[in-house]
Amino acid sequence: MRELERYYRVLELEPGASLDEVNQAYKDLAFVWHPDRMPQDNDRLKEKALLKLQQINEAREKLRSHKARLHVSSTRTSSQSVSKPTSSPTTTYRAAPHTQTTSRQASAPPPPPSSPPPSSPSPSYSTQSTSPQPRKPPEPSYQPPKPHPDLSGKDYSGANLSNRDFSGRNMSYANLKGANLSDTFMHKVNLHGADLSEANLFRANLLLADLREANLQSANLIGADLSGADLRGADLRGARVMIGDRVQVKLIGALLNGAIMPDGSIHE
């Protein structure tokens, strides 16, 4: 069971999550860790992405197989009916009625004693036992994985956090001013109200991150992936997002209502 718990943790799920949740988590993580999303000139990240993708695939297949076995087992259990035991019928032999014999019959020598008729074997019936089947001892209940420490309000100003994995962490209102966050994995991270001014977010993975009201002034966002991120009310004045006349930041599906754009305009 600890192995199953590990598979749930790989998919960032609580133990016992439904099959639909398993499939959705697989799709999300496979998208995040697809090797094609990694910088082609960074072999270390590509190798890490391949390993992550293998773990995600294995976890999804193991959990799907486990849930399929549970479904089959529960179906068989519900379809089994316990029949009542049938008592074997007993054969009753009755004595022949006494008849009066004539004088001739009385004078006749008595017949030799006849051997008793062979007893016919009692019919046997196979009955299904109604005694309860031995049950397996209850398996230990899942222990939810320990949550990551809360990093909200932490002071990481000027810290070197390159290549770290902060996926799903709570870093709201953290001080990350001037921090090196290049190639950092921050999928679904909570950076609500965080100070990321002058931070280096080169090629950072901020997919589906919460960046509401975050301070991104003068931050380096070249190569960063902000697809699906929530940037409502964020301040991006002076942030580096372009090389020449081309935007080098992925903003597919990002929420930008009320955000202050790099040129100082407010996105509507």
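Keep in mind that what you see is a predicted model, and the values were worked out from it rather than measured.

**With respect to the overall build of the protein chain**
Then comes step 1: In terms of regular secondary structure, the protein chain is built from four helices and two strands.
Then comes step 2: What you see in the protein chain, going N to C, is helices and strands ordered as α-α-α-α-β-β.
Then comes step 3: Long-range contacts, defined here as pairs at least 24 residues apart, represent 32% of the contacts in the protein chain between residues at least 6 apart.
Then comes step 4: Total accessible area on the protein chain stands at roughly 18,000 Å², and carbon and sulfur atoms take up 52% of it.

**Some thoughts on the side chain of S182**
Then comes step 1: Relative to the helices and strands, S182 is located in the loop between α4 (103-107) and β1 (242-243).
Then comes step 2: For S182, a relative accessible area of 9% corresponds to the buried category.
Then comes step 3: Leave out the neighbours within four places in its chain, and S182 touches S162, N163, N200 and F202.

**Observations regarding unusual backbone geometry**
Note on backbone geometry: most residues besides glycine have negative phi, and most peptide bonds are trans.
Then comes step 1: Notably, R203 is not glycine yet its phi reads approximately 60°, a positive angle.
Then comes step 2: Secondary-structure assignment places R203 in the loop between α4 and β1.

**Some details on the confidence of the model for the protein chain**
Then comes step 1: When pLDDT is averaged across the protein chain, the result is 79; 72% of the residues are at 70 or more.
Then comes step 2: Within the protein chain, β1 carries the highest mean pLDDT (89), whereas α4 carries the lowest (44).
Then comes step 3: Contacts from residues 98-107, a stretch scored under 50 in pLDDT, to residues over four places away or in other chains number one contact.

**Focus on the pattern of salt bridges**
Then comes step 1: If you walk through the whole model with that rule in mind, you get eight salt bridges.
Then comes step 2: The shortest N-O distance in the salt bridge between E5 and R9 comes to 3.0 Å. Of this pair, E5 and R9 both sit in helix α1 (residues 2-10), separated by four residues, roughly a single helical turn.
Then comes step 3: Residue E5 is classed as buried on the basis of its relative accessible area, which comes to 9%.
Then comes step 4: Between R203 and D183 there is a salt bridge; the shortest N-O distance is 3.0 Å. Within this pair, whereas R203 is found in the loop between α4 and β1, its partner D183 is found in the loop between α4 and β1, the two being separated by 20 residues in sequence.
Then comes step 5: When its relative accessible area of 21% is taken as the criterion, R203 is described as partly exposed.
Then comes step 6: Owing to a relative accessible area of 7%, D183 belongs among the buried residues under this scheme.
Then comes step 7: The structure contains a network of salt bridges with shared partners spanning R60, E61 and R64.

**Quick look at α1**
Then comes step 1: Buried within α1 we find L4, E5, Y7 and Y8. Taken end-on, α1 shows its buried residues confined to a sector of 155°, consistent with a single buried face.

**Some remarks on the environment of L50**
Then comes step 1: Relative to the assigned elements, L50 resides in helix α3 (residues 43-79).
Then comes step 2: On the basis of relative accessibility, which here comes to 45%, the residue L50 falls in the partly exposed class.
Then comes step 3: The spatial distance from the C-alpha of L50 to the C-alpha of P35 is 6.2 Å, given a sequence separation of 15 residues.

**Section: the side chain of R60**
Then comes step 1: Along the chain, the position of R60 falls in helix α3.
Then comes step 2: What makes R60 buried here is its relative accessible area of 16%.
Then comes step 3: Excluding anything up to four places from it in sequence, R60 contacts L11, V22, N23 and Y26.

**Considerations on helix α2 (residues 19-32)**
Then comes step 1: For α2, spanning 14 residues, the distance from its first C-alpha to its last is 20 Å, which sits close to the expected 20 Å at 1.5 Å a residue.
Then comes step 2: Turning to α2, its buried residues are V22, A25, Y26, L29, A30 and V32. Looking straight down α2, one finds that the buried residues subtend no more than 150° of arc, so they occupy a single side. α2 presents D20 and K27 as exposed residues on the side facing more than 90 degrees away from its buried surface.

**Thoughts on the environment of D150**
Then comes step 1: By secondary structure assignment, the location of D150 is in the loop between α4 and β1.
Then comes step 2: With relative accessibility at 46%, the residue D150 sits in the partly exposed group.
Then comes step 3: Taking C-alpha positions, D150 is 7.2 Å from R169, a pair spaced 19 residues apart along the chain.
Then comes step 4: Engagement of the side chain of D150 in a polar contact is seen with the backbone nitrogen of S152, the distance being 2.9 Å.
Then comes step 5: Polar side-chain contacts of D150 include one of 3.1 Å to the side chain of N170.

Parameters at a glance
- Every residue gets a number counted from 1 within its own chain, in the order that chain's sequence is written.
- The predicted nature of this model means local features are confined to residues of pLDDT at least 70 and side-chain atom pairs, given and counted, to a pLDDT of 80 or more, with totals for whole chains, interfaces and linings taken over all residues.
- No hydrogens and no water enter the side-chain calculation; it runs on all heavy atoms of the structure.
- Numbering of helices and strands starts at the N terminus; helices are DSSP runs of H or I of at least 4 residues and strands are runs of E of at least 2.
- Residue contacts are defined here by distance: any two heavy atoms, one from each residue, within 4.5 Å place the two residues in contact.
- Note that accessible areas follow from Shrake-Rupley with a 1.4 Å probe, and for residues the cover is restricted to the protein chains shown.
- Throughout, exposure labels follow a simple rule: accessible area from a 1.4 Å probe, protein chains only, divided by the maximum for the residue type, with under 20% read as buried, over 50% as exposed, and the rest as partly exposed.
- A residue's pLDDT is the confidence the predictor assigns to it, expressed on a 0 to 100 scale.
- Salt bridge criterion: a side-chain nitrogen from Lys or Arg within 4 Å of a carboxyl oxygen from Asp or Glu.
- This arc describes the spread of directions from the helix axis toward the C-beta atoms.
- Expected helix span is computed as 1.5 Å times (number of residues minus one).
- Counting of polar contacts relies on pairs of N or O atoms within 3.5 Å, with two restrictions inside protein: one atom must be capable of donating a hydrogen and the other of accepting it, and residues adjacent in sequence are counted only when both atoms are side-chain atoms.

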